[in-house]
Amino acid sequence: MNQFPLIRVLAVAGVLGSAVLLHGCGGVLVGGAAAGGIGVAQERSVGNAIDDTAIATKLSAKLFDESFKLFRDVDLEVVEGRVLLTGKVEEQASRLKAEELAWSVNGVTEVANAIQVTSEGGIGSYASDVRISNELRAKIIGDGDILGINYSIETVSQVVYLIGIAQSQEELDRVIAHARSIKGVKKVESYVRLKDDPRRTG
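No experiment lies behind these values; they were computed from the predicted model shown. Note on numbering: residues in each chain are counted from 1, in written sequence order. The model is predicted, so local features are restricted to residues of pLDDT at least 70 and side-chain atom pairs to those at 80 or more, both for listing and for counting; the totals for chains, interfaces and linings are taken over all residues. The side-chain quantities take in all heavy atoms of the structure and omit both hydrogens and water.

A count of helices and strands for the protein gives 7 helices and 9 strands. Taking all 202 residues of the protein together, the buried fraction comes to 48%. Split by element, the accessible area of the protein, about 9500 Å² in all, is 56% carbon and sulfur. Under the DSSP-based scheme used, a helix requires at least four consecutive residues in state H or I and a strand at least two consecutive residues in state E, with every element numbered from the N terminus. Burial here depends on accessible area, computed with a 1.4 Å probe over protein chains only, as a share of the maximum for the residue type. Under 20% is buried, over 50% is exposed, and the range in between is partly exposed. Only the protein chains shown count as cover for residues, with accessible areas throughout obtained via the Shrake-Rupley method and a probe of 1.4 Å.

Laid out in structure tokens, this is it:
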């Protein structure tokens, strides 16, 4: 779900100070004591969270340098060096360029390119995506069996994309079920890993 890119403009401009704003629907505010608090609650370590913030900021800058349109149209989430790219672009070349730029950032270990190539969209589609993401967040927050802070959500053209770290397969199944229960959702794609997945970084 693409948002107005002011947050990324600030990041690219170097406004990092005591806080770094990550863009995207699932982005969070990280800085100072907040980073420590999030690190304690999240499954990923504080070190990984800081590294992910750096990757997101560098990739945003690269997208901006390539073209403002690409920067505007592509959203990203980073979890333990894994980059999820979402959004909508009009040409396949733009989709491939975004992936190429993601791989060029130091520390990236995996790139999931879920960018849609389409000219369709508009305010109506955006509003629907916002509603879906907000409803899913509410369902996750209201479910005591889900540690919601470990999940990031993006919705594009009524397709829900998930990335993060699940406590168990049962927890992940609950999140996916919540997403599928929301009116208008066409598909759910999960890039979530289980906390005991051997591929996770330390």
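Core analysis: the biggest nonpolar cluster contains 19 residues, and Leu59, Leu63, Val74, Val83 and Leu85 have the highest contact counts within it. Counting residues per element, the ones that place at least two in this core are helix H3 (46–66), helix H4 (68–73), strand S3 (74–79), strand S4 (82–89) and helix H5 (92–103). No other element matches H3, which puts 4 residues into this core. Among buried residues, the Ala, Val, Leu, Ile, Met, Phe, Trp, Tyr and Cys ones that are joined through side-chain atoms within 4.5 Å form a nonpolar core. Membership of the second largest hydrophobic core comes to 17 residues, among which are Ile140, Val160, Ala166 and Val185.

Right, let's get into the packing of aromatic side chains. Only Phe, Tyr and Trp rings are paired, with Trp represented by its six-membered ring, and only when their centres lie within 6.5 Å; those with planes under 30 degrees apart are stacked, over 60 edge-to-face, the remainder tilted. Counted by the stated rule, this structure contains 3 aromatic pairs. Between the aromatic rings of Phe64 and Phe71, the centroid separation amounts to 5.1 Å while the plane-to-plane angle is 85°, which identifies the pairing as edge-to-face. Accessibility expressed as a relative area gives 32% for Phe64, which makes it partly exposed. On the basis of relative accessible area, Phe71 is assigned to the buried category, the value being 0%. One aromatic cluster in this structure is built from Phe64, Phe68 and Phe71.

Let us look at the environment of Arg72. Mapped onto the elements, Arg72 comes out in helix H4. Sequence separation between Arg72 and Ser60 is 12 residues, and the spatial gap between their C-alpha atoms is 9.6 Å. Here a polar contact is taken to be a pair of N or O atoms separated by no more than 3.5 Å, where protein atoms must pair a possible hydrogen donor with a possible acceptor and residues adjacent in sequence count only if both atoms sit in side chains. At a separation of 2.9 Å, a polar atom in the side chain of Arg72 contacts the side chain of Asp73.

Another point: the side chain of Gln42. Topologically, Gln42 is positioned in the loop between helix H2 (33–41) and H3. One polar contact links Gln42 to Arg44, side chain to side chain, over a distance of 2.8 Å.

Our next topic: the sheet that holds strand S8 (residues 159–166). Paired strands, in this sense, are two strands between which DSSP finds at least two bridges. With respect to topology, 3 strands assemble into an open sheet ordered S7-S8-S9, the strand pairing being mixed. Looking at strand neighbours, the two that pair on one side only are strand S7 (151–156) and strand S9 (187–194), the edges of this open sheet. If you compare each strand with its neighbour and ignore which way they point, the axes differ by 10° on average. With 8 bridges connecting them, S8 and S9 associate as parallel partners. Each bridged residue has a counterpart across the sheet, and for Ile163 the counterpart in S9 is Tyr191. For helices, the fitted axis covers only the stretch in contact; all axes are lines through C-alpha atoms, and the angles between them, taken along N-to-C directions, range from 0 to 180 degrees.

Right, let's talk about the pattern of salt bridges for a bit. When a carboxyl oxygen of Asp or Glu lies within 4 Å of a side-chain nitrogen of Lys or Arg, that pair is called a salt bridge. Overall, the coordinates contain 11 salt bridges when judged by the stated rule. For Glu135, the salt bridge goes to Arg131, with nearest N and O atoms at 3.0 Å. Of the two residues, Glu135 and Arg131 are both situated in helix H6 (residues 123–141); the distance of 4 residues between them amounts to about one turn of the helix. Among the ionic pairs, Lys187 bridges to Glu189, the shortest N-O distance being 3.2 Å. Ionic contacts of the salt-bridge type, sharing partners, join the residues Lys69, Arg72 and Asp73 into one network.

Take the side chain of His178 next. Secondary-structure assignment places His178 in helix H7 (residues 169–180). Sequence-distant contacts of His178, that is, excluding residues within four places in its chain, are made with Leu136, Lys139, Asp143 and Ile146. What makes two residues a contact is simply this: any of their non-hydrogen atoms within 4.5 Å.

Two elements in contact, H3 and H5, have axes separated by 9 Å at closest approach and are oriented at 140°. Here H3 is positioned oblique relative to H5, judged by the angle of their axes. Handedness of the H3/H5 crossing: right-handed. Between H3 and H5, the contacting residues are Leu59, Lys62, Leu63 and Glu66 on the first element and Lys97, Ala98, Leu101 and Ala102 on the second. Residues are grouped as follows: nonpolar covers Ala, Val, Leu, Ile, Met, Phe, Trp, Tyr, Cys and Pro; charged covers Asp, Glu, Lys and Arg; every other residue, Gly included, is treated as polar. For the contact of H3 with H5, the per-class residue count stands at 5 nonpolar, no polar and 3 charged. By the definition adopted for this analysis, an angle is roughly parallel if under 35 degrees, roughly antiparallel if over 145, roughly perpendicular if from 65 to 115, and oblique otherwise. Note on convention: the crossing is left-handed when the near helix lies turned anticlockwise from the far helix by less than a right angle, right-handed when the turn is clockwise.

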